[in-house]
Amino acid sequence: MTLLASFDAPTLIATKRDGHRLPDAGIDWLIDGYTAGLVAEEQMSALLMAIYLRGMDAAETVRWTSAMIASGERMVFTDLSRDGKPLKTVDKHSTGGVGDKITLPLVAVVAACGAAVPSASGRGLGHTGGTLDKLESIPGFEVALSTARLREQLARVGAAVFAAGALAPADAKLYALRDVTATVESLPLIASSVMSKKLAEGTAALVLDVKVGSGAFMRSAEQAGELAQMMVGLGAAHGVATRALLTDMSTPLGCAVGNAIEVAEALEVLAGGGPADVVALTVRLAEEMLTLAGIDGVDPAQTLRDGTAMDRFSAMIAAQGGDLGMPLPVGACTETVTAQRGGLMGDIDAMAVALAAWRLGAGRSRPGERVQHGAGVRIHRRPGDPVAPGDTLFTLYTDTPERIAPALAELGGGYCVGDTPPLPRPLIIEATP
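Residues numbered from 1 in each chain as written. Predicted model: local features only at pLDDT ≥ 70, side-chain atom pairs only at ≥ 80, totals over all residues. Heavy atoms only, no water.

(A) Geometry of the overall build of the protein. From N to C terminus, the protein includes 16 helices and 15 strands. Radius of gyration (C-alpha) of the protein: 22 Å, near the 22 Å computed for a compact globule of 433 residues. With the principal axes as the frame, the protein shows a C-alpha extent of 70 × 55 × 40 Å. Counting only residues that meet the buried cut, the protein has 54% of its 433 residues in that class. Here the contacts in the protein between residues at least 6 apart in sequence split such that 80% fall between residues at least 24 apart. Within the structure as shown, the protein displays about 16800 Å² of accessible surface, and the carbon and sulfur contribution to it stands at 55%. Once the 36 positive and 48 negative side-chain charges of the protein are each reduced to a mean point, those two points are 2 Å apart. (Helix = DSSP H or I, 4+ residues; strand = E, 2+ residues; numbered from the N terminus. Rg over C-alpha atoms; globule rule 2.2 N^0.38 Å. Buried < 20%, exposed > 50% of the residue type's maximum accessible area, 1.4 Å probe, protein only. Contact = heavy atoms within 4.5 Å. Areas by Shrake-Rupley, 256 points an atom, 1.4 Å probe, with all protein chains shown as cover. Lys, Arg positive; Asp, Glu negative; His and termini not counted. Charge placed at Lys NZ, Arg CZ, Asp CG, Glu CD.)

Here it is, written out as structure tokens:
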């Protein structure tokens, strides 16, 4: 894209500051100039705050997303085939949760059902875990794939989880700036950030898992629904069949929160076991993905029972250099939390568990910081489970003993044992039409 000399940053900042719509060509100019380093950080910071306060309409958000896609490579997989038959592409994106290892079994399940899943993923920042951090706990696993290698792997295996790399580089730069300017929560900026990367990865269909609750960025179903509709609209505007599910993130998904500990739980699911909520969400998302991709007559749950999903996962890990025969890392220091009384396990606050895992070293507080792959929290009693005095409720793992006390402090107010079971919550709150 060629920069147009007819625009300047101060005028565009003032336009949005005063509540007016940014012109299409002006949006192109801003994103191109910022990516090239010709629009200053302080100027983009001012514009982001103006957008945060004034918002963007649907057409502005579409154009902003298109400009971010145009800042880098856009992959094309319409010609993918296996054994002379075309392969349909579909992916899933989660807005970020606690214990959310769903991508790991899901890509394998959908690949075993005959689709190809190119899944550009990210690293964790703050309380939410990153899919790449989890997979990199597998010895040897590589996330940087060339386009040629990615195409070959998708045709042969049907699944690849990889770093976004050259996809929408404007988004990576803008996200880092949003993170330090208190503008992360803007719905148009969230929607365009998510969709620019997913639309650039070349998938023909996309299912969005929009999290709601204490462990999610969206605390209310109303706000999450607004974000879901916005992202579905962006997908439609760019020719990608898109739908969204709103799912509960008040309690952690499954019984493991961390990196390697979540990989181990994903392997349990792929082996036909694992926590019921992880299995249920994996199967439901797979059903949605296959429907959008136009693949009928297959049962995704069967791939977990007959081992074909495990075969696909093993093939994907091997194709990206990983060795599942090597032991996964486990934190050298452990601490258990036991019940002081008997009764029934009450609600477990997802944010409290997430912050405990973060304190243990499973997450990062700034981009580029190394994570401890063996750090995390194991949950031994789920809400509603019977508890006897002295039962182990949680086990904490870290390689850094001084991290235990802060983690225990975060976890302390995030659970209870009582005499009555907590009110049940639906895992799937609603779906977009």
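(B) Representation of the UniProt feature "domain: Pyrimidine nucleoside phosphorylase C-terminal" (unreviewed entry) in the protein within the structure. With numbering aligned to this structure, UniProt lists the feature "domain: Pyrimidine nucleoside phosphorylase C-terminal" (unreviewed entry) at residues 344-418. Secondary structure content for residues 344-418 is 27% helix and 23% strand, while the C-alpha to C-alpha distance between its ends is 5 Å. (UniProt positions renumbered as here; feature names shortened; annotations may be inferred.)

(C) Just the sheet that holds strand β8 (residues 256-258), in detail. The strand order across the open sheet built from four strands is β8-β11-β13-β9, with neighbouring strands paired in antiparallel fashion. Edge positions in the sheet fall to β8 and β9 (333-338), since each has one partner strand and no second. Direction aside, neighbouring strands of the sheet carry axes that sit 15° apart on average. Pairing between strand β11 (residues 376-379) and strand β13 (residues 392-398): four bridges, direction antiparallel. Across the sheet, G376 pairs through a bridge with Y397, a residue of β13. (Pairing = 2+ DSSP bridges. Axes fitted to C-alpha atoms, helices over the stretch in contact; angles between N-to-C directions.)

(D) Just helix α4 (residues 58-70), in detail. In a regular helix each residue adds 1.5 Å, so 13 residues correspond to 18 Å; α4 covers 18 Å between its end C-alpha atoms and thus fits that length. Those residues of α4 that sit buried are E60, T61, W64, T65, A67, M68 and I69. Where α4 starts, the residue carrying a side-chain oxygen 3.1 Å from the main-chain nitrogen of A59 turns out to be D57. (Expected span 1.5 Å × (residues − 1). Polar contact = N/O pair within 3.5 Å; in protein donor to acceptor, adjacent residues only side chain to side chain.)

(E) View of the side chain of R178. Considering the arrangement of structural elements, one finds R178 in helix α8 (residues 169-179). Buried and unpaired, R178 has D171 as its nearest opposite-charge partner, separated by 4.7 Å. Not counting residues up to four positions away in its chain, the partners in contact with R178 are L48, T183, V184, L189, I190 and S193. (Salt bridge = Lys/Arg side-chain N within 4 Å of Asp/Glu carboxyl O.)

(F) Region of the structure containing the environment of G325. Tracing the backbone shows G325 in the loop between α14 (308-319) and β9. Remark: the alpha-carbon pair of G325 and P139, spanning 186 residues in sequence, is separated by 9.1 Å.

(G) Representation of the sheet that holds strand β15 (residues 428-431) in the model. The strand order across the open sheet formed by four strands is β3-β6-β7-β15, and the pairing between neighbours is mixed. At either end of the open sheet lies a strand with only one pairing partner, and these are β3 (91-94) and β15. Shown here is a sheet whose adjacent strand axes are inclined to one another by a mean of 20°, direction ignored. In this sheet, strand β7 (residues 241-248) lies alongside strand β6 (residues 205-212) in parallel orientation, the contact comprising eight bridges. Paired with K211 across the bridge in β7 is T247. Sheet strands touched by helix α12 (residues 276-293): β3, β6, β7 and β15. Its angle to β6, the strand with the most contacts, is close to 145°.

(H) Layout of the pattern of salt bridges. Scanning the entire structure with this criterion turns up 27 salt bridges. In this structure, the salt-bridge partner of D79 is R151, at a minimum N-O distance of 2.9 Å. Within this pair, whereas D79 is found in the loop between α4 and β1 (81-82), its partner R151 is found in helix α7 (residues 147-156), the two being separated by 72 residues in sequence. A salt bridge links R123 to D133; the nearest nitrogen and oxygen atoms lie 3.6 Å apart. Taken as a pair, R123 in the loop between β4 (117-121) and α6 (131-135) and D133 in helix α6 lie far apart in primary sequence, ten residues in all. Residue classification places D133 among the buried residues on the basis of a relative accessible area of 2%. Three or more residues joined by partner-sharing salt bridges are found here, namely R21, D24, D28, D57 and R63.

(I) Main features of the packing of aromatic side chains. Overall, the coordinates contain one aromatic pair when judged by the stated rule. Lying across the ring of Y34, K173 places its NZ or CZ 4.5 Å from the centre. (Phe/Tyr/Trp six-rings, centres within 6.5 Å; stacked < 30°, edge-to-face > 60°. Lys NZ or Arg CZ within 6 Å of the ring centre and 35° of its normal.)

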